[in-house]
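Summary of structural features
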Amino acid sequence: MAVYFFTELDGVPQEQPQIKIGFSNNITRRQATLQTANPREIALMGHIQSNGRQDDRAIERDLHLLFVDRRGRGEWFRIYPEDVIAALHRYSSTAYLAVGDCAFEIIGYDRDGVPEFASPWPWGDFETSEFCPSCGWACGWTYSENVGCEYCIECGANEIDYEDGASYEGR
């Protein structure tokens, strides 16, 4: 079970996209259903895992109330990507961003030689302390002396492999 954030990609101003907040026991199937009835491409922005339908309804209700002043039609809201990030952080231990395909692509180096990476989220940038760029977990990376680097407790991605350009596809 999960509460999801979907948005339309085509022909919609991306500064403040329309975002659907709902819940489903199968996000992929729900996205396909929404896509069938919509000429614009639907994309998953993130989701919050729950313990069941009752939790889904409570989380969805909380989020709908939070954004009630920006409600569009039905469960569609005119909110910003930053609002989605804030909502995911409210449920950080069970929330995930939908990360893209180029999560570990090096796009340059800063003046100290530290690699800079392409954002794995098409709607904005974030730090690895906010969200894991591999699995999207909203608790992000933390430093561990045992591991000797920053890493994700959820999926095991870490800055050493990240800097070496290791692929995390399929995680």
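- Going by the annotation in an unreviewed UniProt entry, the name recorded for the protein chain is Bacteriophage T5 Orf172 DNA-binding domain-containing protein, with Rhodovulum viride given as the source organism.

**Describing the packing of aromatic side chains**
- The final tally for this structure, using the stated rule, is 4 aromatic pairs.
- Ring geometry for F126 and F131: centres 5.4 Å apart, planes at 75 degrees, overall edge-to-face. The same class applies to F126 as to F131, namely buried.

**As for the side chain of H47**
- Within the element layout of this structure, H47 appears in strand β3 (residues 42-49).
- With a relative accessible area of 17%, H47 lands in the buried category.
- Among the polar contacts listed, one links the side chain of H47 to the side chain of Q49, at a separation of 3.4 Å.
- Beyond its immediate chain neighbours, meaning those up to four positions away, H47 contacts A2, V3, Y4, I27, L88, T94, A95 and Y96.

**Some thoughts on the pairing of strand β2 (residues 18-24)**
- Burial analysis of β2 places 6 of its 7 residues in the buried class, the great majority of the element.
- Judged from the 6 bridges that link them, strand β1 (residues 2-8) and β2 form a sheet pairing that is antiparallel. In the sheet register, T7 faces β2, and the bridge partner there is I19.
- Bridge count for β2 against strand β4 (residues 76-78) is 3 bridges, and the pairing is antiparallel. Among the inter-strand pairings, Q18 is bridged to a residue of β4, identified as R78.

**Quick word on the nonpolar core**
- One finds F5, I21, I48, L63, V84, L88 and W121 to be the most contacted residues of the largest nonpolar core, which totals 24 residues.
- Those elements giving two or more residues to this core turn out to be β1, β2, β3, α2 (53-66), α3 (81-90) and β5 (95-97).
- At 4 residues, the largest contribution of residues to this core is made by α3.
- In contact with I21, not counting residues within four places along its chain, are V3, Y4, F5, E60, L63, H64, F67, E75, F77 and I79.
- Grouped together as the second largest cluster of nonpolar side chains are 8 residues, C132, C135, W137 and W141 included.

Rules and cut-offs
- Residues numbered from 1 in each chain as written.
- Predicted model: local features only at pLDDT ≥ 70, side-chain atom pairs only at ≥ 80, totals over all residues.
- Heavy atoms only, no water.
- Phe/Tyr/Trp six-rings, centres within 6.5 Å; stacked < 30°, edge-to-face > 60°.
- Buried < 20%, exposed > 50% of the residue type's maximum accessible area, 1.4 Å probe, protein only.
- Helix = DSSP H or I, 4+ residues; strand = E, 2+ residues; numbered from the N terminus.
- Polar contact = N/O pair within 3.5 Å; in protein donor to acceptor, adjacent residues only side chain to side chain.
- Contact = heavy atoms within 4.5 Å.
- Pairing = 2+ DSSP bridges.
- Core = buried A, V, L, I, M, F, W, Y, C linked by side-chain atoms within 4.5 Å.

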